[in-house]
Each structure stands twice: as structure tokens, then as C-alpha cells.
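So you can see what is in the structure, the chains are spelled out below.
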Amino acid sequence: MNLSIRRILRKWLLRGNNVYCPCCRKNVSTFLPFGNVVRLNAACPFCGSLERHRLIWHFLHQREPKLIKDGMKLLHVAPERVFFKNFRREKQIQYFPADKFMPGHHYPRGTKKIDILDITYSDNFFDAILCTHVLEHVDNDIQAMKEFYRVLKPGGWAVLQVPIDYSRADTFEDNSINTPEEREKHFGQRDHLRLYGRDYSQRLIKAGFNVDCIDFCNMFPEEEQKRFGFDKNDGIIYLCKK
Ligand SMILES: [Zn+2]
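The model shown is predicted, which means the values in this text are computed figures rather than measured ones. (Residues numbered from 1 in each chain as written. Predicted model: local features only at pLDDT ≥ 70, side-chain atom pairs only at ≥ 80, totals over all residues. Heavy atoms only, no water.)

Looking at this model, I keep getting lost on the domain arrangement of the chain. Mind explaining?
Structurally, the chain comprises domain 1 (1-49) and domain 2 (50-241). Each of domain 1 and domain 2 has a C-alpha centre, and the two are 25 Å apart. Domain 1 puts 18 residues into the contact, and the matching count from domain 2 is 13 residues. Here domain 1 meets domain 2 over a buried area of about 1200 Å², counting both sides, of which 54% is carbon and sulfur. Counting every contact that joins domain 1 to domain 2 gives one salt bridge. Summed over the shared surface of domain 1 and domain 2, the result is nine residue pairs in polar contact (both at pLDDT 80 or more). Listed by contribution, the elements that provide at least two residues to the side of domain 1 that touches domain 2 are β1 (19-21) and β4 (39-43). With four residues, β4 is the largest single contributor of residues to the side of domain 1 that touches domain 2. (Domains from an automatic or database assignment. Contact = heavy atoms within 4.5 Å. Buried area = accessible area lost by both parts, 1.4 Å probe. Salt bridge = Lys/Arg side-chain N within 4 Å of Asp/Glu carboxyl O. Polar contact = N/O pair within 3.5 Å; in protein donor to acceptor, adjacent residues only side chain to side chain. Helix = DSSP H or I, 4+ residues; strand = E, 2+ residues; numbered from the N terminus.)

Any chance you could explain the packing of helix α2 (residues 51-62) against helix α3 (residues 81-89) here in plain terms?
For any two helices packed against each other, one specifies the crossing angle of their axes together with the interaxial distance. Where α2 contacts α3, the axes come no closer than 10 Å and their chain directions differ by 25°. By the angle between their directions, the pair α2 and α3 is classed as roughly parallel. In this structure, α2 crosses over α3, and the sense of that crossing is right-handed. Listed contacts from α3 to H53, I56, W57 and L60 of α2 are V82, F83, N86 and F87. Its residues assigned to classes, the contact of α2 with α3 shows six nonpolar, two polar and no charged. (Axes fitted to C-alpha atoms, helices over the stretch in contact; angles between N-to-C directions. Parallel < 35°, antiparallel > 145°, perpendicular 65-115°, else oblique. Left-handed = near helix turned anticlockwise from the far one by under 90°. Nonpolar A, V, L, I, M, F, W, Y, C, P; charged D, E, K, R; others polar.)

Would you take a moment to explain a positive patch on the surface for this structure?
On the surface, K11, R25, K26, R81, K85 and R89 cluster together into a positively charged patch. Per-element tally for the positive patch: the top contributor is α3, with three residues. Take R89: it is sitting in helix α3. (Patch = residues over 30% accessible without salt bridge, like charges linked within 9 Å, V, L, I, M, F, W, Y side chains within 5 Å. Areas by Shrake-Rupley, 256 points an atom, 1.4 Å probe, with all protein chains shown as cover. Lys, Arg positive; Asp, Glu negative; His and termini not counted. Charge placed at Lys NZ, Arg CZ, Asp CG, Glu CD.)

Sorry if this is basic, but what is going on with the coordination of the zinc ion here?
A metal bound by six donors in octahedral fashion has ideal angles of 90 or 180 degrees, whereas one bound by four tetrahedral donors has an ideal angle of 109.5 degrees. Looking at the metal site, the zinc ion is ligated by C21 (SG), C24 (SG), C44 (SG) and C47 (SG), spaced 2.2 to 2.3 Å from it. In this structure, the zinc ion is coordinated by four donor atoms arranged in tetrahedral fashion, with angles at the metal of 104 to 116°. In primary sequence terms, the donor set of the zinc ion follows C-x2-C-x19-C-x2-C. (Donors = N, O, S within 2.8 Å, 3.2 Å for Na, K, Ca; no water. Tetrahedral: all angles 85-135°; square planar, octahedral: opposite > 155°, others 65-115°.)

Would you explain unusual backbone geometry in this entry?
A negative phi angle is the norm for most residues apart from glycine, just as the trans form is the norm for most peptide bonds. The residue after E64, namely P65, is reached through a cis peptide bond having omega -5°. You can see P65 is positioned in the loop between α2 and β5 (73-77). A positive phi angle, near 60°, is found at F101, a position not held by glycine. If you trace the backbone, F101 turns up in the loop between β6 (94-99) and β7 (112-113). A positive phi is found at H133, a non-glycine position, where the angle reads about 55°. The topology assignment puts H133 in the loop between β8 (126-132) and α4 (141-151).

What follows is the structure, encoded as C-alpha cells:
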């Protein structure tokens, strides 16, 4: 089936306005199921956003005082395509998408090569940093957080999100767990190096940040959470300030 017919068909099948995606600003009848352990109402059929993307995007654009400001320099680490496209369109910001460039991976055009353990920008360079679901893949995550702190301007903000098991008080790390199978078993994914617990914010504080843990999802009534397709279990935004 050709692509445009598929698009028209999808549009027709999903017509409705039960849910709303803040990332692509579209109403649809439902989000699609997604994940190895399938989650219903998860993926936007138009832009592919997942629960956490919609939560973060909505947060960045609803928060007062405004987080996205004209002329700001924004470092976006490991840019998710859904955010990348939107930030590119926000012409008023200076956008710095950046990634490590792993062999065999494709990166959006204009992405710069960086190592977050040793960022090649001067101190106090960026007004803001967005880095989601990256630090759990990084050996020395505290060093990466310290680098983010270093390149952030005083008064700047960073949103640094990781997957967290809120049933755990303490982050679980064990260097002897070093095979993909064991990592999947203990940390939840084959390439995760730890399982963060409720002490995650302490690590950010250790790196120098002032941290606001904002339960953004629960600021909305239940039906609104469903309408935006947020995940209650992943509803906290870690807003780090320098
Ligand atoms: Zn969308």
C-alpha cells in the first residue's frame, strides 16, 4: 500500500478527539499500543511521541515563568526525533542537538558530536539542557551531570530525565552485572548500567544542581492525564537549576 493511502486510511481510522498530542498538536481517537510489555494509549500515531515525550513537551511549554525563551542556547543531548523536528521549527532559539555518534546509527542532520563526559563547550555556555533517558547508559553518570552543570549558565535550567523504579529507595548498581542478559534482568534493559531509585535527585544535587522534583502529571485531573496520554508512573520532571 502506498504511503499516502496508508496515511489517509490511518487518519480515517483514528478520527476523533478522545486524546490530544501536545508534540504534534493533533487530536485522535486513541494513542497506539507500544512497548515490549505492551502499554495501551502510548504512541502517537502521527508523530510517534510516547508518554514521557508528551509530558516533557507539555511541561517545557506550559511552565511559568517561560522556560523556552527567544535567543536561548539549548543543548539537546541524544535528540529524540519528535523533539528535534519541533525545536528546529522554533526559529527563535539557538538549538544545539548533540550525540555521541555510535557506528551503525543515523542521526538527524545538523547533530553535533559530543561526549557528555567531556563536553567541548566552555563553562556557562548554554541557557538550557535537555537530556532524557541517556544517563542510565553512561558509566560515570555523576561526571556527566557535573559536565552539564559546568556548561550551563548561572540561572539556566536542565531537564535531566531517567527511568526510575519508584519502589526502590536507592539506585542499584553492580559492576559485575555486565552482560546484556544480566543487565536486562537486573536493570530492565540490555544496555542500562543501573536501576535508578528515589534517590536520583540526590545525584543531581551532588553534581551541583538545585533540583525541583515536579510531579507534573498529577497537576492534571485523571481525565486530562488520559487525554494527554501521560504515564502516572513516570510523571515527575527533574528541573535542575544552576
Ligand atoms: Zn503526536
